[in-house]
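Chain residues, written in single-letter form:
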Amino acid sequence: MRLRHSPPYRLTTLPPFQPCADGLSSESDPFAVFYMKSNSNNQFVEVGRTEVLYDQPNPRWTKQFKIDYFFEEIQTCLVKVYDEDKAGVHDLSKHDFCGQAQFTLGHLMGGAGQLTVPIQGGGQLVAHAEEISACAEHVSFQLRGIKLKNKAGFFGTSDPFITGSRISEGGRPVRFYKSEVIMDNLSPTWPKVNMSVQKVCNGDIDRPLLFEVWDWDSRGKHVNMGDFTTSVRELADNGAGFKFAVNSDKERKNPSKNRGHVAVTHAMLYRSNTVIDYLRGGMEINVVVGIDYTGSNGNPALPGTLHYCDPTGMTFNQYQTAITSVLAVLQEYDHDQLFPVYGFGGRIQTANGRQVSHCFPIVPEVYAHGMSGVLDAYKMSLSQVGLSGPTLFSQLIGASAGLARNTADGQMGNYTVLLIITDGVINDMQKTMDAIVEAAELPMSIIIVGVGNADFTDMVVLDADDHPIHNSAGKRAARDIVQFVKMNDFNGLGQEARLAKEVIAEIPDQILSYAKMRNIAPKQPVAQEMPTVEGLYMGGQAEEVAPAAPIPSKSTMAAGGARPAPPVAVASHLMPAHGGAAPSAPPAYGGAPPGYGAAPSAPPPPAYGAAPPGYGQAPPPAYNAGPRGSAPAWPKARQVNAMQATVVEVVQEPRRTGAQRRTSAQGAALFAMANGSV
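These figures come from a predicted structure and were not determined experimentally.

(A) Examining the sheet that holds strand β13 (residues 173-178) more closely. Here we have four strands laid out as an open sheet, ordered β13-β12-β15-β16, and antiparallel in their pairing. Bordering the open sheet on either side are β13 and β16 (223-230), each of which pairs with just one other strand. The sheet shows a mean angle of 30° between the axes of neighbouring strands, direction not considered. One ladder, built from five bridges, connects strand β12 (residues 160-167) with β13; its direction is antiparallel. The residue bridging T163 from the neighbouring strand is K178, located in β13.

What follows is the structure, encoded as structure tokens:
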């Protein structure tokens, strides 16, 4: 049995709670960090953090954590409480440790979803858990106070804010909302709220909701101004203009007495789109693979280094594991399963000799077919690409953003996911942040998998879960598009499945955030068509002698069968349209690296309406079309539409082992579960 639970955590402390004190005259500013113990290495892994509540010795956090509960496993949880010392600093060593509490999910669920445990350091932790009900509905509402009773004394005026709590199955309130404080105002209008119905009432629109009005106090000793009870259904049905009397328990016995009213100025229920809606409408996910070829990976020929490949194929290195984990899931949403595979920080062959490049295709065809094709391309590249450095991300992100820009159709037909696998510290941090801020405007996400034991502090900054990133001009990223995970956190049994779940968990929300930002509704289910957009936007100017190679769109490859255009060092370069004259360009991209062999030049495009050269004949196999040493078995040809010219594309499905097929099926299920709509 597998259940998903969403436990919000509430801390109540028993005085004195000295470890969290800021001094004799200052209350603490607590936040909590939630950890789960890994069954593979017996280490605690951070799941998330609550918000900081200032001047609150008895905080009630609203942050909720979604975790998987397994009845048959011992799942140990650890909650550490800190007093914020430096605002906005992610490093926990910069904050004051207050204490910690430990418990198991089995103990929590066995206690009817509520558990009180002592904190080592003083105080108690109260945890609540409920099973999540899948729900695509959202609720939007706005409240305002009317002549609230002043609690600030004769010479002052109250500073009201309002909180909302749902009544749990155990009968206790679980907070889901806290408004901002409106200073010196007894008739405040609080900001509009948009929340999922699952978060507000766990999908039960008739569940009682308790709203409490408070007079804010700078020392954290807020004064209750009254409360009222309602439900999502009542809010939505009554709508704007409905008023609730704000009373205390004693005043409720006499309806003529109250502490003012809270009126509804706006309330509605609406259904939000899900990733499933966009997939049914024909959305395709394009995956770009970026591999780190910097020298810090070590000599690939030596066992124990990060790029060393087991000649027997019995075990994978961390790069191979990351590729398998991610593509096993996402390849199910790429209809032709053609993946551009690029490298950075490596030394490649160019017209001027071997030079360092930070964005280059590792195979002449640019696109590898299927997960096995990517793995074979990676393994072959290790004998062709020299390891160098430094570690620069900006050019690869820029080129991938160009692909996302080029394939964007305004209808969510394509979404690009860039997978970066790296072992080191970023050496162009600000330029990388600039590129991410630009990419956040496009249908694109970035997954970064850290391999080895390097310092990945910069990656956590790029993840931006707690603090959004800004570019060099101060512009804030429009949305969070980066997910970082450290490979070593997932060592042990079931590594691939657990890694896949973690790295892909945020992709559905990132897809929905882009659709919402662009106000794009899902299309009705239609037959899939190959994109026919031509040209490619270069994301940035190269910094090394060997410039960044652009990532051609699949339509470009299908229409002309051409190799990638030569890289250029200007951002405005565009690839020629199909059949058009090619602009002047620098010499061809360095020639093929040693061992690749010379690739034939592309034939001229056929005349309009004429059959292309070789029509009806079986073309030579694509890269990794079949196992080495075996004759390719050609499946039925598949026709695609590309720039009004009919071409025939023969695709050889990669052969996968039973374990790979199981991993792929498990991964697809994980992606659907992450969306919460299956």
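(B) Representation of the side chain of T50 within the structure. Mapping T50 onto the fold places it in the loop between β4 (44-49) and β5 (60-64). Taking relative accessible area as the criterion, T50 reaches 10% and is therefore assigned buried. Within the local environment of T50, its side chain forms a polar contact with the backbone nitrogen of A32, the two atoms lying 2.9 Å apart. At 3.5 Å, the side chain of T50 and the side chain of W61 are in polar contact. Discounting residues that sit within four places of it in the chain, T50 has contacts with F31, A32, W61, K63 and F65.

(C) Here's a closer look at the nonpolar core. If you look at the biggest cluster of nonpolar residues, it comprises 55 residues, and the most contacted ones within it are M283, I291, I323, M412 and V449. What V449 contacts, discounting residues up to four positions off in sequence, is A322, L419, I420, I421, T422, V485, M487 and V503. Ranked by size, the runner-up nonpolar core spans 40 residues in total, among them L338, C359, A401 and F456.

(D) Local environment of the pattern of salt bridges. A full pass over the atoms with the stated rule returns seven salt bridges. R219 is paired through a salt bridge with D217; the nearest N and O atoms lie 3.3 Å apart. For D277, the salt bridge identified is with R271, shortest N-O distance 3.2 Å. The exposure class of D277 is buried, given its relative accessible area of 15%. Linked by salt bridges that have partners in common, E441, K475 and R518 make up one network.

Definitions and limits used
- Residues numbered from 1 in each chain as written.
- Predicted model: local features only at pLDDT ≥ 70, side-chain atom pairs only at ≥ 80, totals over all residues.
- Heavy atoms only, no water.
- Pairing = 2+ DSSP bridges.
- Helix = DSSP H or I, 4+ residues; strand = E, 2+ residues; numbered from the N terminus.
- Axes fitted to C-alpha atoms, helices over the stretch in contact; angles between N-to-C directions.
- Buried < 20%, exposed > 50% of the residue type's maximum accessible area, 1.4 Å probe, protein only.
- Polar contact = N/O pair within 3.5 Å; in protein donor to acceptor, adjacent residues only side chain to side chain.
- Contact = heavy atoms within 4.5 Å.
- Core = buried A, V, L, I, M, F, W, Y, C linked by side-chain atoms within 4.5 Å.
- Salt bridge = Lys/Arg side-chain N within 4 Å of Asp/Glu carboxyl O.

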